[in-house]
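Commentary on secondary and tertiary structure
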Amino acid sequence: MSDRLAVLPQYLLPKQALTVFAGKVANAKAGTLTTRLIRWFVGRYQVNMNEAANPDISSYASFNEFFTRPLRADARPLASSDLLSPVDGAVSQFGPITQGQIFQAKGHSYSATALVGGDASLAARFENGNFATLYLSPRDYHRIHMPCDGRLTRMIYVPGALFSVNPTTARGVPGLFARNERVVCVFESAFGPFVLTLVGATIVGSMATTWHGVVNPPRSAEVREWRYDDQHDQQIVLKKGEEMGRFLLGSTVVMLFPQNKLAFNPDWAEAKSICMGEAMANLES
C-alpha cells in the first residue's frame with residue numbers, strides 16, 4: 001500500500017474530537033484504571049522505566065503525569081558539543097534549508113515561512129541555514145531540552161491540523177509539519193537566532209513550555225504571539241540541556257539554524273535513534 005493511501009483515513013477521522021477525548025483520558029485520575037492503562041502502555045511500547053526518576057507505575061495519578069515523567073539525573077549525560085539533541089526520538093530529516101524550503105520526505109518539502117506561521121521576515125533569518133526534524137515515538141521520553149544556551153524572544157502559537165507525525169504520514173501528507181498545529185519558540189544564541197518548533201499531532205492533548213505552562217488548549221483559529229524581547233522583567237534565558245517544554249502525548253520537533261556552517265554529527269542518519277543530550281552538531285570556524 002502506498003503512503004498516500006495509508007494516510008487517507010486520517011483525512012476522514014474527527015481528529016480534533018479524538019484529541020480532546022484523549023486529553024481528558026490522559027488527565028483523568030482514575031485510580032486502578034489509570035494504573036492499568038499505564039501498565040498496558042509500558043508493555044505495548046516497551047517503555048524503559050528503569051530510566052525514570054520514579055519507576056513505580058502505580059504511583060502516577062494520571063497518564064499525563066506518567067507520560068511526562070522526569071528521568072534520573074544521570075540518565076542523559078550532556079555531550080561536549082556546540083549543539084545537543086533536545087529530545088529522545090529518531091532523526092526524521094536534517095540538512096540545509098534550500099531556497100527557503102525544508103525537506104520533509106521523498107517528494108515533499110515545505111517553506112520555512114509556512115512553518116513559523118507566515119512570518120517571512122523571521123523565516124528570512126534562516127535563509128541558506130540548516131534544519132533538523134526529530135520524531136518522538138510513544139515510547140520516548142517527552143520532555144524537550146535546550147540544544148544550546150539561548151534567550152527567548154518570541155513564542156508563536158500557530159493553529160492547524162492534527163495529523164499523525166509518524167514516518168508513514170510524513171511521507172504521505174504534503175507539508176505536514178507546516179500544516180499541523182504548532183508552537184514556534186524563537187531564541188537568540190551566541191551564534192545567532194534559532195527556532196525550536198513543537199509540532200502537534202493526533203491525540204496530542206497539549207504542548208507546554210517551562211515559562212508559560214500549557215499553551216494549548218485553548219485552541220484558537222488565529223495565530224497568537226507572546227513577545228519577550230522588550231520585556232526586561234520577563235527575560236527568559238535557558239542553559240544548554242535545561243528543560244524548555246514537553247508534549248502531553250508524542251510528536252515532533254523541528255529546529256531552524258542560521259547560515260553558519262554546521263557540521264552535523266557524522267553518526268546521524270535518517271531513522272537513527274537518538275537520545276537527549278547526545279551531540280547533534282558543531283559550529284565550523
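Residues numbered from 1 in each chain as written. Predicted model: local features only at pLDDT ≥ 70, side-chain atom pairs only at ≥ 80, totals over all residues. Heavy atoms only, no water.

1. Here's the deal with the overall build of the protein
The helix and strand inventory of the protein stands at 8 helices and 18 strands. Here the protein holds 285 residues, and the buried ones make up 52% of them. In the protein, once contacts between residues fewer than 6 apart in sequence are set aside, the share between residues at least 24 apart is 75%. Taken as a whole, the protein presents about 12,700 Å² of accessible surface, with 53% of it coming from carbon and sulfur. (Helix = DSSP H or I, 4+ residues; strand = E, 2+ residues; numbered from the N terminus. Buried < 20%, exposed > 50% of the residue type's maximum accessible area, 1.4 Å probe, protein only. Contact = heavy atoms within 4.5 Å. Areas by Shrake-Rupley, 256 points an atom, 1.4 Å probe, with all protein chains shown as cover.)

2. A word on the confidence of the model for the protein
With 87% of its residues at a pLDDT of at least 70, the protein reaches an overall mean of 87. When mean pLDDT is taken per element in the protein, strand β1 (residues 83–84) scores highest with 98 and helix α2 (residues 8–12) scores lowest with 51. (pLDDT = per-residue confidence, 0-100.)

3. Looking at unusual backbone geometry
One non-glycine residue, Gln46, adopts positive backbone phi at about 55°. One non-glycine residue, Asn128, lies in positive phi territory at about 60°. Take Asn128: it is sitting in the loop between α7 (120–124) and β5 (130–135). By relative accessible area, which is 42% here, Asn128 ends up partly exposed.

4. Focus on the pattern of salt bridges
In a structure, side chains of opposite charge can pair up when their charged atoms sit close to one another. Tallied over the full model, the rule gives 9 salt bridges. Salt-bridge contacts for Asp74 lead to Arg72; the nearest nitrogen and oxygen are separated by 2.9 Å. The exposed category is assigned to Asp74, whose relative accessible area is 55%. Its relative accessible area of 35% is what places Arg72 among the partly exposed residues. (Salt bridge = Lys/Arg side-chain N within 4 Å of Asp/Glu carboxyl O.)

5. Observations concerning the sheet that holds strand β16 (residues 262–264)
The strand order β1-β18-β16 describes an open sheet built from 3 strands, whose pairing is antiparallel. The sheet is open, and its two edges are formed by β1 and β16, each paired on a single side. Bridge count between β16 and strand β18 (residues 279–283): 3 bridges; the pairing is antiparallel. Directly across from Phe264, in β18, lies its bridge partner Ala281. (Pairing = 2+ DSSP bridges.)

6. Quick word on the nonpolar core
The nonpolar side chains of soluble globular proteins are, as a tendency, buried together. In this structure, Cys185, Phe187, Leu198, Trp211, Met244 and Met280 are the most contacted members of the largest nonpolar core, which totals 36 residues. Elements that contribute at least two residues to this core include exactly β5, β7 (150–158), β8 (182–189), β9 (192–199), β14 (243–248), β15 (252–257), β16 and β18. Counting 26 residues, the second-largest nonpolar core is a separate cluster that includes Val116, Ala123, Val184 and Val199. (Core = buried A, V, L, I, M, F, W, Y, C linked by side-chain atoms within 4.5 Å.)

7. Some words on the packing of aromatic side chains
Under the definition given, this model contains 17 aromatic pairs. With centroids separated by 5.9 Å and ring planes inclined at 80°, the aromatic side chains of Phe41 and Phe66 adopt a geometry described as edge-to-face. Placement of Phe41 in helix α4 (residues 32–45) and of Phe66 in helix α5 (residues 63–67) is noted, with a sequence separation of 25 residues between them. The two residues Phe41 and Phe66 agree in class, both being buried. Relative to Phe66, the ring of Phe63 has its centre 5.4 Å away and its plane inclined at 65°; by these criteria the two rings are edge-to-face. Here Phe63 pairs with Phe66, and both are found in helix α5, just 3 residues apart, close to one helical turn. (Phe/Tyr/Trp six-rings, centres within 6.5 Å; stacked < 30°, edge-to-face > 60°.)

8. A few points about the environment of Asp230
Its place among the elements puts Asp230 in the loop between β12 (224–227) and β13 (237–238). Between the C-alpha atoms of Asp230 and Thr153, which are 77 residues apart in sequence, the distance is 8.2 Å.

9. What about the sheet that holds strand β11 (residues 213–216)?
The antiparallel open sheet is built from 4 strands, whose spatial order is β6-β14-β10-β11. Two strands in the sheet have a free side with no partner beyond their single neighbour: β6 (143–145) and β11. The average undirected angle you get between the axes of adjacent strands in this sheet is 25°. Sheet topology places strand β10 (residues 206–209) next to β14; 4 bridges connect them, and they run antiparallel. Each bridged residue has a counterpart across the sheet, and for Met207 the counterpart in β14 is Phe247. (Axes fitted to C-alpha atoms, helices over the stretch in contact; angles between N-to-C directions.)

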